[in-house]
Amino acid sequence: MEVMLEINKKHQPLLIQKAKRTDKAQGISGTPAELEQLLQSIPEIADAAVIPYPDEEAGQIPMAYVVRKPGSTISESQIVDSIAKQVAPYKKIRRVAFINSIPRSPAGKILRRELIDQAISGTSARL
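Every value quoted in this text rests on a predicted model; they were computed, and no experiment measured them.

What counts, and where the lines are drawn
Residues numbered from 1 in each chain as written. Predicted model: local features only at pLDDT ≥ 70, side-chain atom pairs only at ≥ 80, totals over all residues. Heavy atoms only, no water. Helix = DSSP H or I, 4+ residues; strand = E, 2+ residues; numbered from the N terminus. Contact = heavy atoms within 4.5 Å. Areas by Shrake-Rupley, 256 points an atom, 1.4 Å probe, with all protein chains shown as cover. Salt bridge = Lys/Arg side-chain N within 4 Å of Asp/Glu carboxyl O. Buried < 20%, exposed > 50% of the residue type's maximum accessible area, 1.4 Å probe, protein only. Arc of directions from axis to C-beta. Core = buried A, V, L, I, M, F, W, Y, C linked by side-chain atoms within 4.5 Å. Phe/Tyr/Trp six-rings, centres within 6.5 Å; stacked < 30°, edge-to-face > 60°. Lys NZ or Arg CZ within 6 Å of the ring centre and 35° of its normal. Pairing = 2+ DSSP bridges. Axes fitted to C-alpha atoms, helices over the stretch in contact; angles between N-to-C directions.

Here we take up the overall build of the protein chain. Counting its secondary structure elements, the protein chain contains three helices and seven strands. A separation of at least 24 residues holds for 51% of the contacts in the protein chain among residues at least 6 apart in sequence. As displayed, the protein chain offers around 8,200 Å² of accessible surface, 51% of which is attributable to carbon and sulfur atoms.

Shown next, in the form of structure tokens:
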């Protein structure tokens, strides 16, 4: 979350604006948390994270990292189709990668930078 502060005449900070993290897809913003909530509502998914993935045409597209529940065989196309029915076209998930666990900080926040680095490097190593 970004915070904008302004210093007043008494040299005290004033909160001007808070902005949630947004990712751009085809020039339009969307929050990863919205897509993550939809992904986690799918019964066969244990956990999920959404990152911006570079795309020549659109600039960035939503990419999901998904942890399947034990015994699940849900496919990339099933996930993409399920989310596509629930969101606007620019928010559709375009890529899905399956991993063993979503990297998180000790506080429980998703370590998106690790996922972005993995996606960009094309590493197929499972976290």
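A few words on the environment of K69. Tracing the backbone through its elements, the reader meets K69 in the loop between β6 (59-68) and α2 (76-84). For the pair K69 and A46, spaced 23 residues apart in sequence, the C-alpha separation works out to 4.9 Å. Dropping the residues within four chain positions of it, K69 is found in contact with P43, E44, I45 and A46.

What follows is about the pattern of salt bridges. Taken as a whole and assessed by the stated rule, the structure comprises four salt bridges. With a shortest N-O distance of 2.7 Å, E36 and R112 are connected by a salt bridge. In this pair, E36 is assigned in helix α1 (residues 32-40) and R112 in helix α3 (residues 112-121), connecting sequence segments 76 residues apart. Take E36: its relative accessible area is 8%, and that puts it in the buried class. The buried category is assigned to R112, whose relative accessible area is 15%.

Moving on to α3. Listed as buried for α3 are R112, L115, I116, Q118 and A119. Each buried residue of α3 sits inside an arc of 165° when the element is viewed along its axis, so together they form one side. In this structure, α3 carries R113, I120 and S121 as exposed residues pointing more than 90 degrees from its buried face. Just past α3, the residue G122 takes up positive phi, approximately 75°.

This paragraph deals with the nonpolar core. Side chains of a nonpolar character, in soluble globular proteins, are inclined to be buried together. Ranked by size, the top nonpolar core spans 16 residues in total, and within it L39, I79 and I83 carry the most contacts. Counting only elements with at least two residues in this core, the list comes to α1, β5 (45-55), β6, α2 and β7 (95-98).

Attention now goes to the packing of aromatic side chains. Per the counting criterion, the structure on display carries zero aromatic pairs. Lying across the ring of F98, R68 places its NZ or CZ 3.6 Å from the centre. Lying over the aromatic face of Y53, R95 brings its terminal NZ or CZ to 4.2 Å of the ring centre.

This brings us to the sheet that holds β6. Reading across the sheet, the three strands line up as β5-β6-β7 and stay open at both edges, with mixed pairing between neighbours. Two strands in the sheet have a free side with no partner beyond their single neighbour: β5 and β7. Across the sheet, the axes of successive neighbouring strands diverge by a mean angle of 25°, strand direction being ignored. Alignment of β6 against β7, held across four bridges, turns out to be parallel. In the sheet register, V66 faces β7, and the bridge partner there is F98. α1 rests against β5 and β6 of the sheet, and its axis sits at about 140° to β5. Packing against the sheet, α3 makes contact with β5 and β6, and its axis sits at approximately 60° to β5.

Function cannot be inferred from these measures alone, as they are strictly geometric.
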